[in-house]
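Fold and geometry: a report
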Amino acid sequence: MSSSTGRTTLDVGADGVAIITIINPPVNSLSFDVLYSLKDSCEQALSRQDVKAVVITGAKGKFSGGFDISAFTKIQNKSIQPPKPGFVSLEILSDVVAAARKPFVAAVDGLALGGGLEVAMACHARISTPTAQLGLPELQLGIIPGFGGTQALPRLVGIAKALEMMLTSKPVKGEEALNVGLVDAIVPPNELLNTARRWALDILELKKPWVISYYKTDKLEPLGEAREILKFARAQTRKRAPNLMHPLVCIDVIEEGVVSGARTGLWKEAEAFQSLLESDTCKSLVHFFFAQRGTTKVPGVSDRGLKPRSVKKVAILGGGLMGSGIATALILANYQVILKEINDKFLQAGIDRVKANLKSRVKKGQMSPEKIEKTLALLKGSLDYESFRDVDMVIEAVIENVSLKQQIFSDLEKFCPPHCILASNTSTIDLNLIGEKTRSHDRIIGAHFFSPAHVMPLLEIVRTSKTSPQVIVDLLDVGKKIRKTPVVVGNCTGFAVNRMFFPYTQGALLLVEHGTDIYKIDKAITKFGMPMGPFRLCDLVGFGVAVATGGQFVLNFPERTYKSMLIPLMQEDKRAGETTRRGFYVYDDKRRANPDPEIKKYIEKAREMSGAAIDPKLTILSDKDIVEMIFFPVVNEACRVLDEGIAVKAADLDVSAVMGMGFPPYRGGLIFWADSLGSKYICSRLEEWSNSYGEFFKPCSYLAERAAKGAPLSQMTSPAKSRL
């Protein structure tokens, strides 16, 4: 988004109301150009004799999506000089808009997020449409609202609601905004501007209240109660995000305003905003924000001017956990879906799973009960291929069995129309092998969802050397419509996510066999910010899956796998993870995990079998060492994925690690985090461990070359040797 397009316009009507319009497509973001122009327009309106009152609005049905995030990167890398602290919050919004001698009204449609809402809150009244979204999502970027939001929002909606909106980053819609006091009236879009104009004139004639948000106190809870609310919010935040500082800073800044008045609060906000902008957390989250939006840019695919074809009807083969989850995601996005199974019993079970998925959405308040029937009407069951004659896409989600999948794909070729996309949700089998018995290689593609498919946000789109760019463009579009973040990867064992993370469990097993405590490993990894450690994860996915995927790597990369018998030994004893209530942990009735002292005997037996010896150094590892010994092999494997051209760019692997494996987004993603430590450091540690514990840790050439030059891992040289 180039900031040179950003501006505001000023139009004065016969009624004496000046309309200031924010123009910066696509979402009218507040670049510095827009902000300077806004100040200019406001001052002009105030000095003109023919202007009685002012309405601020945004072009094309959107108020403003907030501050231009690309400017953060420019400030951080010093390519632009930011204005002095408080320039927007104090100089423009507080001292020009709020303090004006003429009434200002915000006419809000579409979005008023972040800085956009802060501009609206500086006005003396806000009129909104019912569908407009109003919110302060700044914390998602590692900063706090910086244009006065920490002071204005609590005074308009109360401290408790303001904290909820800021700490969760969740916007409110028009109706709710009216109920909580954030806006003063709700009108249809076609009446928005006229109502706002009249409202501004009514304020002037004292028919409507003239309210300066920063000085409003009737919504603030009494000081004693306010302190309790803030204390509770701090405790909750420390529990929910122990590694993050900026939510606590946000609470401090709100408190400062409540205790010492908004002016003092605005100064504290300005200083805090400035320092948080330079923090690692902010840099990581801004990087991740752009990485997520960049996954659809694929050289040789998205730059050819291809338009996605219309996909209306999708068939899914297999109604198990995966198939039913994919079906759920599709019908929620209004696709017609055919679910095919091999018999009535399995088909009914699959349809029941989809129903259960929808019911759980209703229970969580993500969907209204009335919508269930309408959504389910999009789903049809089938036991044969007859109804496949007009489908636009098929997704195969049956068990991982090569000959079964080959049979299915040759059947599909006979029954589906020639334009139909033939996709497989395989997580381990080579797509060329799956399509071996067909003549349709150009339309065969991997659509690898993560379990549960209707919840997990990532979709790996796997292309072979023969997949046509058109089919990739089509699937990128479907991915976007079903609200997934699609990442295009090449065809290899484990693709990107499972391939990068296969050393994750193996490294953990190596440490355990050499003397590190299982539960200490899980604790350190969780503390680092992963949703769970490697052993708790094995229990969750089940030992069967863990062994099956592990087996693929042992076959394909024998020189760098650590072969441990620990899981097979536990399986012999009918331990299979959480489903059997016994894995690395034991589970009570509420599925709570507790350490199991019996694990020791299996570890001793596994150690005997692999001939590993306890290393005293590994029994007393610090949390930092555990994190590095578990994650550096993952980084090493990610480097191979880049080197082989499986991933298009390093930022795609950052997105894959965060959205596919739960790597903490506030660390920017796997490669971004690795680059913050430096390729030299990572390589030297891996070499040191490789000498002591074998090939598993040996740095690959991609990593070693960058370490030798002190270059970042994200810097891919010439186009990688693509092995698609």
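Throughout this document, residue positions are counted from 1 along each chain, in the order its sequence is written. With the structure being a predicted model, the display of local features is reserved for residues of pLDDT at least 70 and the display and counting of side-chain atom pairs for 80 or more, all residues being used for whole-chain, interface and lining totals. Each side-chain value is worked out from all heavy atoms of the structure, with water and hydrogens disregarded.

With that settled, the discussion passes to the overall build of the protein chain. Broken down by element type, the protein chain carries 30 helices and 19 strands. Referenced to the eigenvectors of the C-alpha coordinate spread, the extents of the protein chain come out at roughly 85 × 65 × 55 Å. We call a residue buried when its accessible area falls under 20% of the maximum for its residue type, exposed when it is over 50%, and partly exposed in between, using a 1.4 Å probe and counting protein chains only. Going through the 724 residues of the protein chain one by one, you find that 57% of them count as buried. Two residues qualify as a contact provided that any one of their heavy atoms is within 4.5 Å of a heavy atom in the partner residue. At a minimum sequence separation of 6, the contacts of the protein chain that also span at least 24 residues come to 74%. Helix and strand definitions here come from DSSP, where helices need a minimum of 4 consecutive H or I residues and strands a minimum of 2 consecutive E residues; each element is numbered from the N-terminal end.

Here we take up a nonpolar patch on the surface. Patch construction takes residues with relative accessible area above 30% that form no salt bridge. Like charges are linked within 9 Å, and nonpolar side chains (Val, Leu, Ile, Met, Phe, Trp, Tyr) are linked within 5 Å. For the accessible areas, the method is Shrake-Rupley and the probe is 1.4 Å, while residue cover comes only from the protein chains on display. By convention in these notes, a salt bridge is any Lys or Arg side-chain nitrogen within 4 Å of a carboxyl oxygen on Asp or Glu. On the surface, Leu540, Val541 and Val545 cluster together into a nonpolar patch covering about 240 Å² of accessible area. Within the secondary structure, Val545 is located in helix 22 (residues 543-556).

A few words now on the packing of aromatic side chains. A ring pair, where both rings are aromatic, is described by two values, the distance of the centres and the angle of the planes. Stacked, tilted and edge-to-face pairs are distinguished by plane angle, under 30 degrees for stacked and over 60 for edge-to-face with tilted covering the rest, among Phe, Tyr and Trp rings (Trp via its six-membered ring) whose centres lie within 6.5 Å. Counted by the stated rule, this structure contains 29 aromatic pairs. Residues Phe67 and Phe72 carry aromatic rings whose centres are separated by 5.1 Å and whose planes lie at 40° to one another, so their mutual orientation is tilted. The pair formed by Phe67 and Phe72 is uniform in burial state, with each residue classed as buried. For the pair Tyr693 and Phe697, a centre-to-centre distance of 6.3 Å together with 65° between the ring planes defines the contact as edge-to-face.

Under the UniProt annotation, "domain: 3-hydroxyacyl-CoA dehydrogenase C-terminal" (unreviewed entry) lies at residues 494-587. Structurally, residues 494-587 is divided into 61% helix and 3% strand, and its ends, taken at the C-alpha atoms, are 30 Å apart. UniProt positions are given in the numbering used here, feature names are shortened, and annotations may be inferred rather than shown by experiment.

Time to look at the environment of Thr619. Take Thr619: it is sitting in helix 25 (residues 616-619). What makes Thr619 partly exposed here is its relative accessible area of 36%.

Attention now moves to the sheet that holds strand 9 (residues 185-186). As summarised here, the arrangement of the six strands in space is 1-2-3-4-6-9, forming an open sheet in which the pairing is mixed. Edge positions in the sheet fall to strand 1 (7-12) and strand 9, since each of these pairs with one other strand and no more. Only when DSSP finds a minimum of two bridges between them are two strands counted as paired. Sheet topology places strand 4 (residues 104-108) next to strand 6 (residues 125-128); four bridges connect them, and they run parallel. By the bridge assignment for strand 6, Val108 is matched with Ser128. Lines are fitted to the C-alpha atoms to define the axes, a helix being fitted only along its stretch in contact, and any angle between axes, read from their N-to-C directions, falls within 0 to 180 degrees. Strands strand 2 (17-23), strand 3 (53-58), strand 4, strand 6 and strand 9 of the sheet are contacted by helix 8 (residues 192-204), whose axis makes an angle of about 165° with strand 4.

Taken from the UniProt record, the annotation "domain: 3-hydroxyacyl-CoA dehydrogenase NAD binding" (unreviewed entry) applies to residues 313-491. With 40% helix and 22% strand, the stretch residues 313-491 has end C-alpha atoms that lie 26 Å from each other.

The next point concerns the side chain of Arg607. Within the element layout of this structure, Arg607 appears in helix 24 (residues 599-610). Charge assignment: positive for Lys and Arg, negative for Asp and Glu; neither His nor the chain ends contribute. Buried charge Arg607 goes without a salt bridge, the closest partner of opposite sign being Glu604 at 5.4 Å. Not counting residues within four places of it along the chain, the set of residues in contact with Arg607 comprises Val512, Glu513, Gly515, Ala612 and Ile614.

Relative to strand 2, strand 1 is paired through six bridges, and the arrangement is antiparallel. Counterpart to Thr8 in the pairing with strand 2 is Ile22.

Moving on: the nonpolar core. With 101 residues, the main nonpolar core has Phe388, Phe584 and Phe631 as its most contacted residues. The greatest single-element share of this core, amounting to 12 residues, is contributed by helix 26 (residues 623-643). In this description, a nonpolar core means a group of buried Ala, Val, Leu, Ile, Met, Phe, Trp, Tyr and Cys residues linked to one another through side-chain atoms lying within 4.5 Å.

Turning our eyes to something else, we now look at helix 21 (residues 534-541). Of the residues making up helix 21, those classed as buried are Pro534, Phe535, Arg536, Cys538 and Asp539. Immediately beyond the C-terminal end of helix 21, within one or two residues, lies Gly542, with a positive phi of roughly 95°.

Our next topic: the sheet that holds strand 16 (residues 458-463). The eight strands lie next to each other as 12-11-10-13-14-15-16-17, forming an open sheet whose pairing is mixed. Whereas interior strands pair on both sides, the edge strands pair on one side only; in this sheet they are strand 12 (379-382) and strand 17 (485-490). Strand-to-strand twist of the sheet, defined as the mean angle between neighbouring strand axes without regard to direction, takes the value 25°. Strand direction decides the pairing type here: strand 14 (residues 421-424) and strand 15 (residues 444-449), joined by three bridges, are parallel. Bridge pairing links Ser424 to Gly446 in strand 15. In this fold helix 18 (residues 469-481) packs onto strand 13 (393-396), strand 14, strand 15, strand 16 and strand 17, with an angle of close to 25° to the strand it touches most, strand 15. Along the sheet face, helix 27 (residues 650-661) touches strand 16 and strand 17 and points at about 120° away from the line of strand 17.

Bringing the environment of Leu306 into the picture now. Mapped onto the secondary structure, Leu306 falls in the loop between helix 12 (280-294) and strand 10 (313-317). Since its relative accessible area comes to 31%, Leu306 is described here as partly exposed. Filtering out sequence-adjacent residues up to four positions away, Leu306 remains in contact with Val301, Pro469, Gln470 and Val473.

Next up on the list: the confidence of the model for the protein chain. Do not read the fine detail of predicted coordinates wherever pLDDT is low. Values of pLDDT, the confidence the predictor places in each residue, fall between 0 and 100. Confidence along the protein chain averages 95 in pLDDT terms, with 98% of residues attaining 70 or more. Scored below 50 in pLDDT, residues 719-724 shows 18 contacts in the model against residues more than four places distant or in partner chains.

Every α-helix carries 3.6 residues per turn, so stepping three or four residues along brings you back to the same face. Between its first and last C-alpha atoms helix 18 spans 19 Å; for 13 residues at 1.5 Å apiece the expected length is 18 Å, and the two agree. Buried residues dominate helix 18, accounting for 11 of its 13 residues. Along helix 18, the residues classified as buried are Pro469, Gln470, Val471, Ile472, Val473, Asp474, Leu475, Leu476, Asp477, Val478 and Gly479. Buried residues belonging to helix 18 abut helix 13 (321-332), strand 13, strand 14, strand 15, strand 16 and strand 17. In a helix, the anticipated span is given by 1.5 Å times the number of residues less one.

A word on the pattern of salt bridges. Counted by the stated rule, this structure contains 40 salt bridges. Of the charged contacts, one joins Glu255 and Arg234 as a salt bridge, the two residues approaching to 2.7 Å between their closest N and O atoms. Pair noted here: Glu255 is in helix 10 (residues 246-260) and Arg234 is in helix 9 (residues 223-240), with a separation of 21 residues, a long-range link. Considered together, Glu255 and Arg234 belong to a single accessibility category, that of buried residues. Within the structure, one salt-bridge network assembled from shared partners comprises Arg499, Glu559, Arg560, Glu637, Arg640 and Glu644.

So, about the side chain of Ser128. As for its position among the elements, Ser128 is in strand 6. Not counting the four nearest positions on each side in its chain, Ser128 is found in contact with Val108, Leu134, Gly174, Val183, Ala185, Ile186, Val187 and Leu192.

What follows is about unusual backbone geometry. In the segment running from Pro25 into Pro26, the intervening peptide bond is cis, with an omega of 5°. Along the chain, Pro26 falls in the loop between strand 2 and helix 1 (32-47). The amide bond that connects Ser451 to the next residue, Pro452, takes the cis arrangement and shows omega of -10°. Phi angles above zero are rare outside glycine, and Arg483 is one such case at about 60°. Positionally, Arg483 belongs in the loop between helix 18 and strand 17. Residues other than glycine seldom take positive phi values, yet Lys574 does so here, at roughly 60°. Mapped onto the elements of the fold, Lys574 is located in the loop between helix 23 (566-572) and strand 18 (585-587).

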